[in-house]
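One letter stands for each residue in the lines below.
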Amino acid sequence: MKILAGNSNRPLAEAISAYLQLPLTDASIRRFSDMECFVEIHENVRGEDVFVVQSTSYPANDNLMELLVMLDALKRGSARRITAVVPYFGYARQDRKSGPRTPISAKLVANLITTAGADRVLTMDLHAGQIQGFFDIPLDNLFAAPVFVRDIEENFGRNQLTIISPDVGGVIRARAVARRLDTDLAIIDKRRERAGVSEVMNVIGDVEGRNCILIDDIVDSAGTLCNAAQALAEHGAGSVSAYVTHGVLSGGAVARASTSALAALITTDSILTTEAVRVSDTVRQISIAPLMGEAMLRIAEERSVSSLFD
């Protein structure tokens with residue numbers, strides 16, 4: 001078993017390496033003067049079970065191309081099995097035709113990863129579960145719920161707690177957390193006028209005097225979360241916090257969250273933390289390295305991954 005790390009999220013790869021007590025594979029990943037990606041692996045990988053850790057986060061196209069080149073290098077190096085470990089799967093929001101003459105980019109990226117040489121994929125909290133069907137190779141989609149539940153219990157307990165889905169599409173994800181915590185569930189009903197802009201319409205459920213925890217998979221501009229937090233506050237919520245798997249946090253998202261009704265915004269380290277997050281009093285990260293590392297170990301040993309969530 002070997003672990004090859006790309007440049008998208010080196011700290012996470014190092015944390016996984018430390019959990020597994022397995023050093024990262026020695027490799028050079030660099031750019032030519034015209035920014036072409038070049039990969040050279042300095043260890044023998046013939047017959048090895050290799051895991052390539054690379055999120056396709058910002059800059060998404062550069063990191064995706066880097067992943068594809070690493071997969072090709074391993075395939076040509078005669079690795080026995082190659083697993084693409086993609087904690088954050090970019091382009092996942094383009095999972096269907098949203099209008100005439102628009103692409104299904106998530107399917108395109110799935111084809112690219114498969115063609116480049118991956119034998120299987122390990123990811124976390126896909127934006128839409130059906131993306132698993134875009135791959136013609138095995139895919140394991142992990143859930144951040146166990147990590148969230150542990151942190152919620154440590155910081156909020158279970159007293160006067162209500163789990164909130166920020167939209168109807170996220171109810172299944174929020175319900176899984178609410179079931180683990182044995183607590184109430186409420187839903188934000190919103191109308192999205194255009195991409196990146198949302199308008200909160202109604203709160204379905206009783207949130208008055210409750211400690212509300214919003215659960216979502218991606219926070220990008222943070223507009224949806226901030227609007228949802230404001231709506232909950234107007235409905236009498238005692239406090240509002242949010243747990244989100246992938247902290248894209250583009251543009252002024254961190255500043256927006258810091259000045260909103262959110263008491264705290266917690267994300268995982270599936271995406272490399274930025275300086276804005278490091279200095280923020282509102283936003284913090286929790287690590288998924290033990291969860292990812294354990295899943296990788298079970299794949300290598302041909303043991304059940306789904307039993308991690310039983």
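Refer to the structure presented above.
As a starting point, this report considers the structure included with it. Within each chain, residues carry numbers counting from 1 in the order of the written sequence. For this predicted model, a pLDDT threshold of at least 70 governs which residues receive local features, and a threshold of 80 or more governs which side-chain atom pairs are given and counted, while totals over whole chains, interfaces and linings are taken from all residues. Water and hydrogen atoms play no part in the side-chain values, which are based on all heavy atoms of the structure.

## Brief notes about the overall build of the chain
Under the DSSP-based scheme used, a helix requires at least four consecutive residues in state H or I and a strand at least two consecutive residues in state E, with every element numbered from the N terminus. Broken down by element type, the chain carries nine helices and 14 strands. Computed over C-alpha atoms, the radius of gyration of the chain comes to 20 Å, within 12% of the 19 Å expected from 2.2 N^0.38 for 310 residues, which places it in the range of a compact globule. Dimensions of the chain, computed from the C-alpha atoms along their principal axes, are close to 60 × 45 × 35 Å. For each residue, the accessible area found with a 1.4 Å probe, counting protein chains only, is set against the maximum for its type, and the residue is called buried under 20%, exposed over 50%, and partly exposed in between. Out of the 310 residues in the chain, the part that is buried amounts to 51%. Only heavy atoms enter the contact rule, under which two residues are in contact if any of them lie within 4.5 Å. Restricting the contact set of the chain to residue pairs at least 6 apart, pairs at least 24 apart contribute 61%. Residue-level accessible areas treat just the shown protein chains as cover; the underlying method is Shrake-Rupley with a 1.4 Å probe. Summed over all atoms, the accessible surface of the chain reaches about 14200 Å², with 48% contributed by carbon and sulfur. Computed over 31 positive and 38 negative side-chain charges, the inter-centroid distance for the chain is 4 Å. This radius of gyration counts C-alpha atoms alone. The globule rule is 2.2 Å times how many residues there are, raised to the power 0.38. Asp and Glu are treated as the negative residues and Lys and Arg as the positive ones, with His and the ends of the chain left uncounted. In plain terms, the charge of a residue is placed at NZ if it is Lys, CZ if Arg, CG if Asp and CD if Glu.

## Quick notes on the nonpolar core
We define a nonpolar core as any set of buried Ala, Val, Leu, Ile, Met, Phe, Trp, Tyr and Cys residues linked to one another through side-chain atoms lying within 4.5 Å. In terms of nonpolar packing, the biggest core is built from 40 residues, with Ile16, Leu122, Leu142, Ile163, Val177, Met292 and Met296 touching the most fellow members. Examining the composition of this core, we find that six residues originate from one element, helix H9 (residues 289-300), more than from any other. If we ignore the near neighbours within four places in the chain, the residues touching Met292 are Ile16, Val85, Pro87, Leu122, Met124 and Leu142. Leu67, Leu68, Ile82 and Val86 belong to the second largest nonpolar core, which has 33 residues in total.

## Digging into the pairing of strand E7 (residues 139-142)
Residue alternation in E7 divides its side chains into two sets, Leu139 and Asn141 and Asp140 and Leu142, and both sets are buried. Strand pairing is assigned whenever DSSP identifies at least 2 bridges connecting the two strands. As judged from the four bridges shared by strand E6 (residues 120-124) and E7, these two strands associate in the parallel manner. Considered in E7, the bridge of Val121 is made with Leu139.

## Looking at the pattern of salt bridges
Side chains that differ in charge, positive against negative, can pair when their charged atoms come close. Whenever a carboxyl oxygen of Asp or Glu lies within 4 Å of a side-chain nitrogen of Lys or Arg, that contact is scored as a salt bridge. A full pass over the atoms with the stated rule returns 18 salt bridges. In this structure, Asp95 engages Arg96 in a salt bridge whose closest nitrogen and oxygen atoms are separated by 2.9 Å. The class for Asp95 is buried, based on a relative accessible area of 8%. We classify Arg96 as exposed; its relative accessible area is 55%. The closest approach of N and O atoms between Arg303 and Glu301, which form a salt bridge, is 2.8 Å. Assessed through its relative accessible area of 39%, Arg303 is described here as partly exposed. Owing to a relative accessible area of 43%, Glu301 belongs among the partly exposed residues under this scheme.

## Brief notes about the packing of aromatic side chains
Pairing of aromatic rings covers Phe, Tyr and Trp, the last through its six-membered ring, and needs centres within 6.5 Å; plane angles under 30 degrees mean stacked, over 60 mean edge-to-face, and all others mean tilted. Across all of its chains, the model carries five aromatic pairs by this definition. Taken together, a centroid distance of 5.6 Å and an interplanar angle of 40 degrees make the contact between Phe32 and Phe38 tilted. On the basis of relative accessible area, Phe32 is assigned to the partly exposed category, the value being 42%. Its relative accessible area of 27% is what places Phe38 among the partly exposed residues. One aromatic cluster is present, built from ring pairs that chain together Phe148, Phe156 and Tyr243.

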